[in-house]
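One-letter residues, chain by chain:
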Amino acid sequence: MQARVNIIEGNRDAGLIFRVQHPAVGYDAQQGYFAGIIPATQKAVLGKMDGQHWRELALKDFPCQSGQWYTLKVTSRNQTIQFWIDNQLIIEITDNSYSKGFAGLRVVNSYAQFDDIEITAQ
């Protein structure tokens, strides 16, 4: 999955959700993964939701800022998940909690734009 994101206002998270099972309304109400950027802390984050709680799997420094477009991309093959920003591999983890599901977009306490959304099967 790949999409461009621009956090217009706010400094919290915006990014991609994938391998989502049981989609629901609420920050952590679904089960699946999230990969995104956090301008307030200059971080890239990859984590998962279990339907009630958030669990951070990786947090890396990344010089992001509001008002700028970034291309976010996640690849997931078997247990390996990779998170790319502007064609640079930022995070790579191994996790087997969710092997399939829906894909979508997520914004946490921010206003963001998304464009050029692509989802392809490998």
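Structure shown above.
Fair warning: this is a prediction, and the values are worked out from it, not measured in the lab.

Once that is clear, we can look at the packing of aromatic side chains. Applying the stated criterion across every chain yields a total of four aromatic pairs. Aromatic pair Phe18 and Tyr33: ring centres 5.5 Å apart, planes at 20 degrees, arrangement stacked. Pair noted here: Phe18 is in strand S2 (residues 14-21) and Tyr33 is in strand S3 (residues 31-38), with a separation of 15 residues, a long-range link. Of the two residues examined, Phe18 and Tyr33, each falls in the buried class. Here the aromatic rings of Phe62 and Tyr70 are separated by 5.8 Å at their centres, their planes lie at 75 degrees, and the arrangement is edge-to-face. Both residues of the pair, Phe62 and Tyr70, belong to the buried class. An aromatic cluster is built from Phe18, Tyr33 and Tyr98, whose rings are joined through pairwise contacts.

Scoring rules and cut-offs
- Numbering of residues starts from 1 in every chain and runs along the sequence as written.
- It should be noted that, the model being predicted, local features are given only for residues of pLDDT at least 70 and side-chain atom pairs only at 80 or more, the latter also being counted only at that level, while totals for whole chains, interfaces and linings use all residues.
- In computing side-chain properties, one takes all heavy atoms of the structure into account and sets aside hydrogens as well as water.
- The pairing test for Phe, Tyr and Trp rings, Trp by its six-membered ring, is centres within 6.5 Å, and the orientation test on the planes gives stacked under 30 degrees, edge-to-face over 60, and tilted for anything in between.
- Helix and strand assignments come from DSSP, with helices taken as H or I runs of at least 4 residues and strands as E runs of at least 2, each series counted from the N terminus.
- Burial here depends on accessible area, computed with a 1.4 Å probe over protein chains only, as a share of the maximum for the residue type. Under 20% is buried, over 50% is exposed, and the range in between is partly exposed.

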